[in-house]
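Remarks on the overall topology
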Amino acid sequence: MSKRYLVLADGTCFEGEAFGADARAVGELVFTTGMVGYLETLTDPSYYGQIVLQTFPLIGNYGVIPEDFEGGCCVRGYVVREWCDAPSNFRSQGDLDSFLKEHGVPGICGVDTRQITRLLREKGVMNAMLTDEKPGDLTPARDFSITRAVACVSHQNSEVFPAQGPERYKVALLDYGAKANIHRMLQQRGCTVVTLPYDTPAEDILAGGYDGVMLSNGPGDPAENTGPVAEIRKLLGRIPLFGICLGHQLTALACGGKTVKLKYGHRGANQPVRESGSARTYITIQNHGYAVDFDSLPRDLARLSFFNANDGTCEGVDYPTLRAFTVQFHPEACSGPMDTGFLFDRFIALMGGSAYAAE
């Protein structure tokens, strides 16, 4: 293998070996702590504009399985300690190196991912470059920013996913970068899901005969999405609503709240979340660099439902009078954990007229 360099915006340089596409990349370097699920990570639109580092040391051992993809491959680069060039899995249809080449994503292996992760935890996420030659100018990395992320990953046309079994409800899924398992979880519960572009007007949704609205995950700075926030504001109180990740953040902004950027975010499959007013803790999968500032939300509208057991940040909000609730983590998580899948049942109950959210 040829040499490749991971160069951080502060000038720190790590030398490793090249795999994946023969290309140069600039992006925001982030780390994720999942022990499995690298395919879901690589195909999660929420990683748009980012160079992703896996903290688990061996990646690619079960190959590439298209049935497990969550969406398109939106990462800019991939950093691993070691990649497996001989995967073993009866479902595998290829190897990681070929997958990255197919999608034009450069990778680097043979670097000390623990050292890089510790550096990001101490200094915070920062921009970086993947290059085959040591750069003399770090301006491209220092000037890089993720903009118009949602517009770049959202589908521009609607798509219908029929209910499994008899149809109970019809749900509008606003696609801010939606993971495929969101509509699968709803389909399994008897919902016909219609995926809509991120900028669909609220008037069209309210006139579409839907029983509820699902706000998906997605990438980028939530505060940049002033148009979607305005449309969500028109929906609140008029139709049952459930928001996940970016959908959670946009709902808070629509209610007058604020979001803040975290030092290094929450990304991985082992994030502990505690239910408010209870000792119950759930293990969740997460992927976000921003959080809702719960104290900025009006107390007559919002009630904290979950918080992060590590740093206390807001992980969920109920809006009882608006027939809405949102969570920062991923209850649809694949490849797991599935501890919070019951939240989809709450959404079903809300569409059926249950008053659970006001309890």
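A word on helix 6 (residues 180-188)
Taken across its nine residues, helix 6 has seven buried, putting it largely inside the fold. All of the buried residues in helix 6 are Ala-180, Asn-181, Ile-182, His-183, Met-185, Leu-186 and Gln-187. Against the buried residues of helix 6 lie strand 10 (159-161), strand 11 (169-175), strand 12 (191-197), strand 13 (212-215), strand 14 (241-244) and helix 10 (342-351). Just beyond helix 6, the residue with positive phi is Gly-190, at close to 85°.

Re the packing of helix 8 (residues 226-235) against helix 9 (residues 246-254)
The geometry of helix 8 relative to helix 9 is characterised by a closest axis approach of 8 Å and an angle of 70° between their N-to-C directions. In this view, helix 8 runs roughly perpendicular relative to helix 9, as classed from their interaxial angle. Packed against helix 8, whose contacting residues are Pro-228, Val-229, Ile-232 and Arg-233, the element helix 9 presents Leu-250, Thr-251, Leu-253 and Ala-254 at the interface. Each residue belonging to the contact of helix 8 with helix 9 can be placed in one class, and the counts come to six nonpolar, one polar and one charged.

Focus: the nonpolar core
Tyr-176, Leu-297 and Tyr-319 are the most contacted members of the largest nonpolar core, which totals 33 residues. For this core, the elements supplying multiple residues, two or more each, are strand 11, strand 12, helix 7 (202-206), strand 13, helix 8, helix 9 and strand 18 (314-319). Ranked by residues supplied to this core, first place goes to helix 9 with five residues. When near neighbours in sequence (up to four residues on either side) are disregarded, Tyr-176 contacts Val-150, Val-153, Tyr-198, Leu-215, Ser-216, Asn-217, Gly-218, Pro-219, Pro-228, Ile-232, Leu-246 and Leu-250.

What to know about the sheet that holds strand 6 (residues 77-79)
Paired through their backbone hydrogen bonds, the strands of a sheet run either parallel or antiparallel. The strand order 1-2-8-6-4-3-9 describes a closed barrel built from seven strands, whose pairing is mixed. Averaged over all pairs of adjacent strands, the angle between their axes in this sheet comes to 35°, without regard to strand direction. Direction of pairing for strand 4 (residues 50-54) relative to strand 6: parallel, over a ladder of three bridges. The residue bridging Val-52 from the neighbouring strand is Tyr-78, located in strand 6. Along the sheet, helix 3 (residues 113-123) makes contact with strand 1 (3-8), strand 2 (13-20), strand 3 (25-32), strand 4, strand 6 and strand 9 (126-131), crossing strand 3 at roughly 90°.

Cut-offs used in this document
- Residues numbered from 1 in each chain as written.
- Predicted model: local features only at pLDDT ≥ 70, side-chain atom pairs only at ≥ 80, totals over all residues.
- Heavy atoms only, no water.
- Buried < 20%, exposed > 50% of the residue type's maximum accessible area, 1.4 Å probe, protein only.
- Helix = DSSP H or I, 4+ residues; strand = E, 2+ residues; numbered from the N terminus.
- Contact = heavy atoms within 4.5 Å.
- Axes fitted to C-alpha atoms, helices over the stretch in contact; angles between N-to-C directions.
- Parallel < 35°, antiparallel > 145°, perpendicular 65-115°, else oblique.
- Nonpolar A, V, L, I, M, F, W, Y, C, P; charged D, E, K, R; others polar.
- Core = buried A, V, L, I, M, F, W, Y, C linked by side-chain atoms within 4.5 Å.
- Pairing = 2+ DSSP bridges.

From the geometry alone we can't say anything about function, so treat these as descriptive.
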